[in-house]
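This is what each chain is made of:
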Amino acid sequence: MHVVQPVLRFKSLLGLKSIGIEYGTGNTDSMGGEADVIHLLKSKPSASTKFRYLVISENYHDLVSKDVDLVGITAIDEQFYEMLKRSSSKKLGIEIAVSWLRKTNGQKLAKNIALIKSIHNFTQKYGNQLVLTSGASSIFEMVSGRCFDALLELCDIKPETYWNSLNNWLEHKIAMRCYICDT
Amino acid sequence: MTLKRRHKRRYMVVLFHPSPEELLSTTRDRMVDMFGHVITQKALLKIIYKIGPDLHVIRCRSEYLGEVLCAITLIDSEHPAVVLDISGTLRSLRTRAMDKKMSLRLP
């Protein structure tokens, strides 16, 4: 828990309402149920949990898996759009990390920006959701809300529309899970 | 008589580990890479002062704030930069920056 505290403190400095923190496949019993944290797990827990979570995958071939909520994208081929079309009923999240964009040079970055725009249009059409994340491994790699807005505008996406649809998508995904409530 | 107005400016508090000069040069390099020399020159990037060991205040023209924020966010360096606050005046930024400096004292 002490590892999460600096991140939570930094989160409010950056003007972010809630954040996703990635966990491996370890024991989930010790995790708390903080209201502003969404746990990102590699596999679905076997029992109900106290905390809110999403199941993530870094392989987009997992789009067809029914447990996965969020799929990280680093490379795309024609097959991706076909798979996205087929999985439209599941309201999947397509994650693009800023840390991945940082590693690209100007020419590749321009291509990736066009790609984000195309994924956004595609996800809107087929009921999925684009999720732009920092992909941070430390607090110094986190991205503030205002910078996310600037990146969205660079990709010709209206920040208000994006945040509203992301909020609705998150509420929908989290409401579908079973949680243990403290009484 | 023509009224000559100064460009509107925006001030940013940026968390960046190496020196402020390196922050400015890496931001400029990324901006040139992304938007070209003309936009980078027009943005009038400047280091104003240093608040703490890793906190720097930089200034740019308000018309190019979006471009500057994108460039800072996408700095391709082993030390990424984090924009903590933005303001139109140095006075209000200074007050808020002090609070942020206190909050940043990590264990």
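Look up: the structure comes first, before these words.
Reference entry: report on the structure contained in this document. As the structure is a prediction and not an experimental result, all values here were calculated from the model.

Further remarks concern the overall build of chain B. Along its length, chain B carries four helices and four strands. Scanning chain B from its N terminus toward the C terminus, one meets helices and strands in the order β-α-α-β-β-α-β-α. Here the C-alpha atoms of chain B give a radius of gyration of 14 Å, agreeing with the 13 Å that 2.2 N^0.38 yields for 107 residues. In terms of its C-alpha atoms, chain B occupies a principal-axis envelope of roughly 55 × 30 × 20 Å. Looking at chain B alone, contacts between residues at least 24 apart form 65% of all its contacts between residues at least 6 apart.

Glancing now at the nonpolar core. Ranked by internal contacts, the top residues of the largest apolar core, which has 64 residues, are L151 of chain A together with M12, V13, V14, V68 and V83 of chain B. Here this core takes six residues from helix α5 (residues 145-154) of chain A, the largest share from any one element. Ignoring any residue separated from it by four or fewer positions in sequence, one finds V68 of chain B in contact with M31, A43, L45 and C60 of chain B.

Quick look at the sheet that holds strand β2 (residues 37-41) of chain A now. Sheet strands line up and pair through hydrogen bonds in the backbone, either parallel or antiparallel. Residues and elements named next belong to chain A. If you walk across this open sheet you meet the six strands as β1-β2-β3-β4-β5-β6, and the pairing is parallel. Unpaired on one side and paired on the other, β1 (19-22) and β6 (129-133) mark the two borders of the sheet. Taken over all neighbouring pairs, the strand axes of this sheet differ in orientation by 35 degrees on average, direction set aside. Where strand β5 (residues 93-97) and β6 come together, five bridges link them in parallel fashion. By the bridge assignment, I94 is partnered in β6 with L130. Along the sheet, helix α4 (residues 106-126) contacts β5 and β6; its crossing angle with β6, the most-contacted strand, is approximately 145 degrees.

Topologically, S92 of chain B is positioned in helix α4 (residues 90-103). C-alpha of S92 of chain B to C-alpha of Y11 of chain B: the two residues are 81 residues apart in sequence and 9.9 Å apart in space.

To continue, consider the sheet that holds strand β1 (residues 9-15) of chain B. Residues and elements named next belong to chain B. Reading across the sheet, the four strands line up as β2-β3-β1-β4 and stay open at both edges, with antiparallel pairing between neighbours. Each edge of the open sheet is held by one strand with a lone partner, namely β2 (46-50) and β4 (82-87). On average, each strand axis in the sheet is tilted by 30 degrees relative to the strand beside it, whichever way the strands run. Of the pairings in the sheet, the one linking β2 to strand β3 (residues 55-61) comprises four bridges and is antiparallel in character. Within the sheet, the bridge partner assigned to Y49 lies in β3 and is V57. Running over the sheet, α4 touches β1, β3 and β4 and is turned about 145 degrees from β4.

With that out of the way, let us pick up the interface of chain A and chain B. Contacts between chain A and chain B engage 22 residues on the former and 19 residues on the latter. Breaking the side of chain A that touches chain B down by element, the ones donating at least two residues are α1 (4-13), α3 (98-102), α4 and α5 of chain A. At six residues, the largest contribution of residues to the side of chain A that touches chain B is made by α5 of chain A. When grouped by side-chain class, the residues that make up the side of chain A that touches chain B number 13 nonpolar, three polar and six charged.

Scoring rules and cut-offs
Residues numbered from 1 in each chain as written. Chains lettered and ligands numbered in written order. Predicted model: local features only at pLDDT ≥ 70, side-chain atom pairs only at ≥ 80, totals over all residues. Helix = DSSP H or I, 4+ residues; strand = E, 2+ residues; numbered from the N terminus. Rg over C-alpha atoms; globule rule 2.2 N^0.38 Å. Contact = placed C-beta atoms within 7 Å. Core = buried A, V, L, I, M, F, W, Y, C linked by C-beta atoms within 7 Å. Buried ≥ 20, exposed ≤ 12 C-beta atoms within 10 Å, placed from the backbone. Pairing = 2+ DSSP bridges. Axes fitted to C-alpha atoms, helices over the stretch in contact; angles between N-to-C directions. Nonpolar A, V, L, I, M, F, W, Y, C, P; charged D, E, K, R; others polar.

Distances and angles like these do not, on their own, reveal function.
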